[in-house]
Amino acid sequence: MPALLKTGSLKTRIVWAVVLILMCLAPLVSTEFRLSLLAKFLALAILAIGLDLIWGYGGVLSLGHGVFFGLGGYAMAMYLKLQASGAAIPDFMGWSGLSGLPWFWEPFRFFPAALFLGIAIPALLAFVLGWFTFRNRITGVYFTILTQALVLIAVTLFVGKQEWTGGTNGITGYQAIFGFTLHSAGTTIVLYYITLAILVLAYLLCRRMVNSRFGQVLEAARDGENRVRFLGYDPAGYKTLAFALSGALAGMAGMLFVLQVGIISPSIMGIVPSIEMVLWVALGGRGTLIGAVIGAVMLNTAKTGISEAYPEGWLFVVGGLFVTVVLFMPNGIVGVYRNIARILQRRGESSHVQAASEKRKVFGASGDTGR
C-alpha cells in the first residue's frame, strides 16, 4: 500500500508539472483577451487559496473576503489613478467638491507604499477581527454573520464617501503602469506571468504551512478546539494568524485583479461576490488548496461563458451549484477524484490478489500431479 500511495503521489506531481508547463505556454496560443481573462481567474485563485486556508483547514467560514479583496484592489487603483492624474487631484474628487487630495491618499503616490498597504491593510483588518472574535470564542455561524456585517459596513462606507472612493462608480480611468499601457499585448503577457508566479508561490507557502506543525494544530482546532486547548495550545492565536494570512492573500489578489480589469468598485466587495468565493472553494474541494485553485478557475470560466450566452442565467447556475455541492459533492471535485482513485486502487489490489491466488492454485495442482 505505501508503495502504491507513493506512486500515486508521483503521478499527481507529474500531472501538475505538466499543467504548469501548459500554463506557461498559454501566451503562445491564447488571444490577448483570453489571456487577460485567464490571468484574472488566476488572481482570483490566489484569494481562493487563502479562503481555503482559513475555512478548509481552520474550519472558519468567512463571508467577508470580498472586503479584503476590495481593499487590495482599491490600494492599487489609488496608485494608478494618482499616476494618471499627475499633479491634479482625481477627477471624481473635483466633481464632489474637493479642492485637495485627502491625507490618506498621499502614501499611494508611491508604488512600494501602495503594494505594502494593499497587503498590510487587509491583513491587519483580518488580524484585528480574528483577534477579538477568536479570543472570545466566537466561531461558527456567529463569526460568519460578523463577516457579512463587515461586508455591509464596508460597502456602505465606500459608496457613501464618494469624494474619497468614487462612490458606486469606483475608481477607473487609468491606462498605464510604469509608463506601459495596461492593455497592450506585451503588458498583458508580463502581468499574466507575474500573476501565475504569485499563485504558485502562494500555493507553495500555504502547502508548507498546512504540512507543518502550524497546520496540524490548525486542523486539530478545527476538529476539536477544546482538546487542543487542553493540550496547551492556543487555537485562537493559530486561527488569527491564518485569518490574517488569508486576508493578505485576498489583498494581493485584489491588486492583481485591478491590473487585469482596470476598475474597482464597491460592488466587487458585496455579499454576492463573497458567497461566490466560498463556492469556488466548496466546488473544488475545501481542505485541499489545489481544489481551491481548480474551483476558482473552472467556476469563473463557466461564469464568463454562461454570461456571454445567457446574461441572466448565471445566478440560477450559482444556486444549482450550491445545491449540487451540498447534496452530492461535499468534498468537491478533488474529493470525487480521490474517491474514484481509491476505488480503482482497490480494484487493482483485488485483481492482483485474485491473480496470485489463481497462480498458487495452478502451481499447487501441478505439484500434486507430479507426486
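This is a predicted model, so every value here is computed, not measured.

Conventions we followed
Residues numbered from 1 in each chain as written. Predicted model: local features only at pLDDT ≥ 70, side-chain atom pairs only at ≥ 80, totals over all residues. Heavy atoms only, no water. Helix = DSSP H or I, 4+ residues; strand = E, 2+ residues; numbered from the N terminus. Contact = heavy atoms within 4.5 Å. Patch = residues over 30% accessible without salt bridge, like charges linked within 9 Å, V, L, I, M, F, W, Y side chains within 5 Å. Areas by Shrake-Rupley, 256 points an atom, 1.4 Å probe, with all protein chains shown as cover. Salt bridge = Lys/Arg side-chain N within 4 Å of Asp/Glu carboxyl O. Buried < 20%, exposed > 50% of the residue type's maximum accessible area, 1.4 Å probe, protein only. Phe/Tyr/Trp six-rings, centres within 6.5 Å; stacked < 30°, edge-to-face > 60°. Lys NZ or Arg CZ within 6 Å of the ring centre and 35° of its normal. Core = buried A, V, L, I, M, F, W, Y, C linked by side-chain atoms within 4.5 Å. Axes fitted to C-alpha atoms, helices over the stretch in contact; angles between N-to-C directions. Parallel < 35°, antiparallel > 145°, perpendicular 65-115°, else oblique. Nonpolar A, V, L, I, M, F, W, Y, C, P; charged D, E, K, R; others polar. pLDDT = per-residue confidence, 0-100.

Colleague: Explain the environment of Gln162 to me, please; I cannot follow it from the model alone.
Modeller: For Gln162, the position within the fold is in helix H8 (residues 162-165). For the pair Gln162 and Leu327, spaced 165 residues apart in the sequence, the C-alpha separation amounts to 43 Å. Setting aside anything within four residues of it in sequence, one finds Gln162 in contact with Phe92, Ser96 and Gly167.

Colleague: I'm lost on a nonpolar patch on the surface in this one. Help?
Modeller: A surface patch of nonpolar side chains, amounting to about 830 Å² of accessible area, comprises Leu10, Ile14, Val18, Ile21, Leu22, Leu25, Leu28 and Val29. Within the residue set of the nonpolar patch, elements represented by two or more residues are helix H1 (2-24) and helix H2 (26-29). Tallying contributions element by element places H1 first for the nonpolar patch, with 5 residues. Position of Ile21 among the secondary structure elements: in helix H1.

Colleague: I'm lost on the environment of Ile189 in this one. Help?
Modeller: Tracing the backbone shows Ile189 in helix H9 (residues 185-210). The class of Ile189 is partly exposed, set by a relative accessible area of 31%. Ile189 sits 49 residues away from Gly140 along the chain, and the two C-alpha atoms are 42 Å apart.

Colleague: Honestly, the packing of aromatic side chains in this entry has me stumped. Any pointers?
Modeller: A ring pair, where both rings are aromatic, is described by two values, the distance of the centres and the angle of the planes. Across all of its chains, the model carries 15 aromatic pairs by this definition. Centre to centre, the rings of Phe111 and Phe178 are 5.0 Å apart; their planes meet at 70 degrees, and the pair counts as edge-to-face. Of this pair, Phe111 sits in helix H6 (residues 111-135) while Phe178 sits in the loop between strand S1 (176-177) and strand S2 (180-181); the two residues are 67 residues apart in sequence, bridging distant segments of the chain. Three or more aromatic residues link up through ring pairs in this structure, and these residues are Phe68, Phe134, Phe143 and Phe243. Between Arg135 and the ring centre of Trp131, over which it is positioned, the NZ or CZ distance is 4.2 Å.

Colleague: Any chance you could explain the nonpolar core here in plain terms?
Modeller: Generally speaking, a soluble globular protein has its nonpolar side chains buried in company with each other. By size, the foremost hydrophobic cluster in this structure holds 103 residues, and its most contacted members are Leu80, Ile171 and Tyr192. Considering every element that reaches this core, the biggest residue donor is helix H3 (residues 32-57), with 18 residues. Look past the residues within four positions of Ile171 in its chain and what remains in contact with it is Tyr74, Ala77, Met78, Lys81, Phe92, Trp105, Thr165, Ile263 and Ile264.

Colleague: Can you help me understand the pattern of salt bridges in this one?
Modeller: Side-chain pairs of opposite charge can arise where the charged atoms are in close proximity. Using the criterion set out here, one finds 8 salt bridges in the structure. When the shortest N-O distance is used, the salt bridge between Arg109 and Glu106 registers 3.1 Å. You can call Glu106 partly exposed: its relative accessible area is 34%. Note that Arg135 and Asp234 form a salt bridge whose closest N and O atoms lie 3.0 Å from each other. A residue pair is termed long-range when its members are at least 10 positions apart, and Arg135 in helix H6 and Asp234 in the loop between helix H11 (225-230) and helix H12 (235-261) qualify at 99 residues.

Colleague: Before we go on, may I ask you to explain the packing of H3 against H12 in this structure?
Modeller: Pairs of packed helices are described in terms of their axes, by the angle between the two and the distance that separates them. Here H3 crosses H12 at 170 degrees, and the two axes come no closer than 7 Å. Classified by the interaxial angle, the pair formed by H3 and H12 is roughly antiparallel. Where H3 approaches H12, its residues Ser36, Ala39, Lys40, Ala43, Leu44, Ile46, Leu47, Gly50, Leu51, Leu53 and Ile54 are matched on the opposing element by Lys239, Ala242, Phe243, Leu245, Ser246, Leu249, Ala250, Ala253, Leu256, Phe257, Gln260 and Val261. Here the residues of the contact of H3 with H12 sort into 17 nonpolar, 4 polar and 2 charged.

Colleague: I'm lost on the confidence of the model for the protein in this one. Help?
Modeller: If pLDDT is low for a region, its predicted coordinates should not be looked at in detail. With 91% of its residues at a pLDDT of 70 or more, the protein has an overall mean of 86. Within the model, pLDDT remains below 50 along residues 1-8, and this stretch shows 5 contacts once partners closer than five positions in the same chain are excluded.

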